[in-house]
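# Geometric and topological summary
The residues making up each chain are set out below.
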Amino acid sequence: MRDKITHSKWTRRILLSLAILPFATAIFAHWTGSRVQPSLAGKPKPALAFETYLVDTGLVKETARTVGARFRFKNLSEHTVTVKELIPSCGCLNPQLQKKVYLPNEAGEFQLKMETAGESPGQKEYFVDFRYEDSEERTTRLTLKLELPIRRLVVKPKALVIYQFTPGRTTHPITVSDYRSGKDFEIISVESTSKYAKVELGKLEQKDGLRQQKLEVIVEDIVPPGKHNGLIVIKTNDADFPELFVPLIIQGPDQQTVQKNKPNSPKAN
């Protein structure tokens, strides 16, 4: 009997403690005051804000030789921004940025120009990685979307990369194909803007309504170390496509290869 009474007393005490616990907590908080936990400093925001991160031109006209896009931006930070590099996803893109350093609150822009002649028809999506530095290194991806119609004039390859690591003459083909009927398409002249390569007109072939003009890009000898950029310029008699362009990159050997292939200098007496 005594055990039952004791058990009943402990039960009432526990229930009473649970009932007054919220009130005790509130009183304690009132007297001690609330304490706000200090918030952790967030990661600094990127300095550059772009007006748009995506340009969609829609369906491109068949006669359009180039497609352009413009990306405007502003430095919204207190840091000076230095643009390091613009990395395109395709050799057909030609990003152009005149200035590399932007002060706080200074605005700028860069233009993107794409040659359409070497591209296949259909929906396309390209991008440029805009690398810059404010308080840290950052990369912003800017996208160009478009739709190319069925092309009747095609240049292949759309960009030419040549690895010239050893001495000797190398030849690299370019083909201009005209699928149009009733056009008297003719290449008037060809030119290389690189001093390390020249370009010559090759054989003209015509079969089943397809007219193909061959070109040869020639590198005569070893080139200096590093990457050398240029452009193959093709001028035609066509009013819709008076000029065609093929980006050219010539990659020279590294310094060790140059020293290895260099003739031994005469010994001093």
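For the structure, see preceding data.
This report concerns the structure included in the present document. (Residues numbered from 1 in each chain as written. Predicted model: local features only at pLDDT ≥ 70, side-chain atom pairs only at ≥ 80, totals over all residues. Heavy atoms only, no water.)

## A short note on the overall build of the protein
Along the backbone of the protein there are two helices and 16 strands. When the 269 residues of the protein are sorted by exposure, 32% land in the buried category. Counting only contacts in the protein whose residues sit at least 6 apart along the sequence, the fraction spanning at least 24 positions is 67%. Total accessible area on the protein stands at roughly 17,900 Å², and carbon and sulfur atoms take up 53% of it. (Helix = DSSP H or I, 4+ residues; strand = E, 2+ residues; numbered from the N terminus. Buried < 20%, exposed > 50% of the residue type's maximum accessible area, 1.4 Å probe, protein only. Contact = heavy atoms within 4.5 Å. Areas by Shrake-Rupley, 256 points an atom, 1.4 Å probe, with all protein chains shown as cover.)

## With respect to the state of the cysteines
Going through the model one piece at a time under the given rule, you end up with one disulfide. Each disulfide pairs two cysteine sulfurs, and for Cys90 the partner residue is Cys92, the sulfurs being separated by 2.5 Å. Across the S-S bond linking Cys90 and Cys92, the dihedral sits near 130°, which makes this disulfide right-handed. The same class applies to Cys90 as to Cys92, namely buried. (Disulfide = S-S within 2.5 Å.)

## Quick notes on the environment of Glu133
Inspection of the secondary structure assignment puts Glu133 in strand β7 (residues 122-133). Look at Glu133 and you get partly exposed, because its relative accessible area is 28%. A sequence separation of 32 residues divides Glu133 from Val101, and the C-alpha atoms of the two residues are 9.7 Å apart. Those residues in contact with Glu133 that sit more than four places away from it in its chain are Thr80, Val81, Thr82 and Lys84.

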